[in-house]
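Examination of the molecular architecture
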Amino acid sequence: MNRWKKYLQLHLNVLLFSLTGVFSKAASIQYNQHGLQSPLLYLFLFLMLLNCGIYAIAWQMVMKKFDLSTAYANKSVYLIWSQLWAVLIFKESLSINNIIGMLVVFLGVMVVSGDE
């Protein structure tokens, strides 16, 4: 059970990190539509920086529980979360190459994490 808890913490932290990209893209959209006058631009920039700070602290705490290779291999799941956010929030579409790439990442994480 303790192993699952560690991995849950690791993947929740990766999910948190993936939100940095969401805030960054939202800020970019605001800038492109309204320029520097958009209050939402500054809100998204603030959320992006805040998220990065919280993530950095949480990542240091989670990394203590794993081998470095395992932690960084699992961090690649960020790509899967990013694709999910792109589809759900920004209404982007997935190509077959995106799906194959996500499967390769997932299988790689499973191989690296299987030994622990």
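Residues numbered from 1 in each chain as written. Predicted model: local features only at pLDDT ≥ 70, side-chain atom pairs only at ≥ 80, totals over all residues. Heavy atoms only, no water.

What follows deals with helix α2 (residues 39–63). Look at α2: 36 Å from first C-alpha to last across 25 residues, which is about the 36 Å you get at 1.5 Å a residue. Taken together, the buried positions of α2 are occupied by L41, F44, M48, N51, Y55, W59 and V62. (Helix = DSSP H or I, 4+ residues; strand = E, 2+ residues; numbered from the N terminus. Expected span 1.5 Å × (residues − 1). Buried < 20%, exposed > 50% of the residue type's maximum accessible area, 1.4 Å probe, protein only.)

Before going further, it helps to spend a moment on the packing of helix α1 (residues 2–34) against α2. Across the interface, α1 lies against α2 with an axial gap of 8 Å and an inter-helix angle of 160°. Overall, the two elements α1 and α2 adopt an arrangement that is roughly antiparallel. Helix-helix and strand crossings are classified by hand; for α1 and α2 the assignment is left-handed. Residues belonging to the contact of α1 with α2 are distributed by class as follows: 20 nonpolar, 6 polar and no charged. (Axes fitted to C-alpha atoms, helices over the stretch in contact; angles between N-to-C directions. Parallel < 35°, antiparallel > 145°, perpendicular 65-115°, else oblique. Left-handed = near helix turned anticlockwise from the far one by under 90°. Nonpolar A, V, L, I, M, F, W, Y, C, P; charged D, E, K, R; others polar.)

With that settled, the discussion passes to the packing of aromatic side chains. Inspection of every chain in the model, using the stated rule, returns 6 aromatic pairs. Taken together, the ring pairs connect F17, Y55, W59, Y72 and Y78 into an aromatic cluster. Between the NZ or CZ atom of K25 and the centre of the ring of F90, over which it lies, the distance is 5.2 Å. (Phe/Tyr/Trp six-rings, centres within 6.5 Å; stacked < 30°, edge-to-face > 60°. Lys NZ or Arg CZ within 6 Å of the ring centre and 35° of its normal.)

This part takes up a nonpolar patch on the surface. A grouping of L94, I96, I99, I100, L103 and V104 is seen on the molecular surface, where their side chains present a nonpolar patch of about 540 Å² in accessible area. Here I99 shows up in helix α5 (residues 96–113). (Patch = residues over 30% accessible without salt bridge, like charges linked within 9 Å, V, L, I, M, F, W, Y side chains within 5 Å. Areas by Shrake-Rupley, 256 points an atom, 1.4 Å probe, with all protein chains shown as cover. Salt bridge = Lys/Arg side-chain N within 4 Å of Asp/Glu carboxyl O.)

Attention shifts here to the nonpolar core. One broad rule of soluble globular proteins: the nonpolar side chains tend to lie buried together. Counting residues in hydrophobic clusters, the biggest one holds 7 residues: Y7, L10, Y55, W59, V62, F66 and A71. Elements supplying a minimum of two residues to this core: α1 and α2. The biggest single contributor to this core is α2, with 3 residues. Ignoring anything within four residues of it in the chain, the contact list for V62 reads Q9 and L10. Counting residues in each nonpolar core, the second largest holds 6 residues, with F23, A26, A27 and L41 among its members. (Core = buried A, V, L, I, M, F, W, Y, C linked by side-chain atoms within 4.5 Å. Contact = heavy atoms within 4.5 Å.)

Mean pLDDT over the chain stands at 92; residues scoring 70 or higher make up 97%. Predicted confidence in the chain is weakest over helix α3 (residues 68–75), with a mean pLDDT of 86, and strongest over α2, with 96. (pLDDT = per-residue confidence, 0-100.)

Turning our attention to the environment of F46. Relative to the helices and strands, F46 is located in helix α2. As a C-alpha pair, F46 and F23 span 23 residues in sequence and 8.8 Å in three-dimensional space.

Next up on the list: the environment of F66. Note that F66 resides in the loop between α2 and α3. A sequence separation of 28 residues divides F66 from L94, and the C-alpha atoms of the two residues are 32 Å apart.

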